[in-house]
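In case you want the letters, here they are:
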Amino acid sequence: MKHLFFFLVACFVFAAAKANDTIIVHKDARIDLLAEKQAAINKVTSKMTADGLFRGYRLQVLNTRSRDDAFKLKATLLENFPDQKVYVLYQSPYFKVRIGNFVQRTDAEDFRKQLSTYISNPAYVVNDVIEYIPQAGQFQ
C-alpha cells in the first residue's frame, strides 16, 4: 500500500512537471522573407511549361483544309485587330487560325465577344502556350 501511494504521488508530480514545460523558438526574420519569395516563384512557375514558356489561352477562329482561306482570315484579323497576334498552325491535314495571347480565360472570353462582331465563324477558347513576359510582381 505504501508503494502504491508513492507511485501515485510520483506520477502526479511527473505529470505536473510535464504540463509546465514550454518551448521557445527564436527564428530569424529572414526566413519569412525567404518563404514569401519562394511562394512568388512557385506561383510564376506554376503558369510555365517545362520549356520556360507560359500556359495561357488563345481563340481558335478557323479549322480548315484550305491554306488560302486560313491566310485570308489571318489578313482580315490583322486588319481589324492590329494589336493582337494571329497564328496559323498546320496540323495535317488542317490549318488552324488562332488569335491572341491571354493569361486569364476571362480575358479571352471578353475578346471572343468583341471578335464575334467582325467574323461569322464561331471562335473557341483553347489552351495554348503563349508569348508572354510577366511584369515584375504580377503573380504576387
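Above this text you will find the structure in question.
Residues numbered from 1 in each chain as written. Predicted model: local features only at pLDDT ≥ 70, side-chain atom pairs only at ≥ 80, totals over all residues. Heavy atoms only, no water.

### Thoughts on the overall build of the protein chain
Right, so step 1: Check the secondary structure of the protein chain and you find four helices and four strands.
Right, so step 2: Taken from the N to the C terminus, the helices and strands of the protein chain come in the order α-α-β-α-β-β-α-β.
Right, so step 3: Across the 140 residues of the protein chain, 25% fall into the buried class.
Right, so step 4: For the protein chain, the share of sequence-separated contacts (at least 6 apart) that also reach a separation of at least 24 residues comes to 65%. (Helix = DSSP H or I, 4+ residues; strand = E, 2+ residues; numbered from the N terminus. Buried < 20%, exposed > 50% of the residue type's maximum accessible area, 1.4 Å probe, protein only. Contact = heavy atoms within 4.5 Å.)

### Concerning the sheet that holds strand 4 (residues 124–130)
Right, so step 1: Strand order in this open sheet of four strands is 2-3-1-4, and the pairing throughout is antiparallel. On the outer flanks of this sheet lie strand 2 (86–91) and strand 4, each paired with one strand and no other. Neighbouring strand axes in the sheet, compared pairwise and without regard to direction, differ in orientation by 40° on average.
Right, so step 2: Two strands pair when backbone bridges link them, and strand 1 (residues 54–64) and strand 4 are joined in this way by seven bridges, in the antiparallel orientation. Bridge pairing links arginine 55 to valine 129 in strand 4.
Right, so step 3: Running over the sheet, helix 3 (residues 67–80) touches strand 1, strand 2 and strand 3 (94–102) and is turned about 120° from strand 1.
Right, so step 4: Helix 4 (residues 105–115) contacts strand 1, strand 3 and strand 4 of the sheet and is inclined by roughly 25° relative to strand 1. (Pairing = 2+ DSSP bridges. Axes fitted to C-alpha atoms, helices over the stretch in contact; angles between N-to-C directions.)

### Description of helix 4
Right, so step 1: Those residues of helix 4 that sit buried are Ala108, Phe111 and Leu115. Summarising the axial view, the buried residues of helix 4 lie within an arc of 65°, below the 170-degree limit, and thus occupy one face. For helix 4, the exposed residues lying more than 90 degrees away from the buried face are Thr106 and Lys113.
Right, so step 2: As for helix 4, its buried residues are in contact with strand 1, helix 3, strand 3 and strand 4. (Arc of directions from axis to C-beta.)

### A short note on the nonpolar core
Right, so step 1: Judged by nonpolar contacts, the single largest core of 19 residues is most densely connected at Leu59, Leu77, Ile99 and Leu115.
Right, so step 2: Put simply, the parts of the chain that give this core at least two residues each are strand 1, helix 3, strand 3 and helix 4. (Core = buried A, V, L, I, M, F, W, Y, C linked by side-chain atoms within 4.5 Å.)

### What about the environment of leucine 78?
Right, so step 1: Assignment of secondary structure puts leucine 78 in helix 3.
Right, so step 2: Counting along the chain gives 21 residues from leucine 78 to isoleucine 99, while the straight-line C-alpha distance between them is 9.3 Å.
Right, so step 3: Discounting residues that sit within four places of it in the chain, leucine 78 has contacts with Gln84 and Val86.

### Describing unusual backbone geometry
Right, so step 1: Going from serine 92 to proline 93, the amide bond is cis rather than trans, its omega being 0°.
Right, so step 2: Positionally, proline 93 belongs in the loop between strand 2 and strand 3.

### Section: the pattern of salt bridges
Right, so step 1: As enumerated under the stated definition, the model contains seven salt bridges in all.
Right, so step 2: Put simply, aspartate 128 and arginine 58 hold a salt bridge, and the shortest N to O gap is 3.1 Å. Residue aspartate 128 is located in strand 4, and its partner arginine 58 is located in strand 1; the two are separated by 70 residues in the primary sequence.
Right, so step 3: Aspartate 128 gets classed as buried once you look at its relative accessible area, which sits at 18%.
Right, so step 4: On the accessibility criterion, arginine 58 (6% relative accessible area) is buried.
Right, so step 5: Across the pair lysine 85 and glutamate 131 runs a salt bridge, and its minimum N-O distance is 2.8 Å. (Salt bridge = Lys/Arg side-chain N within 4 Å of Asp/Glu carboxyl O.)

So yeah, pure geometry; function would need other evidence.
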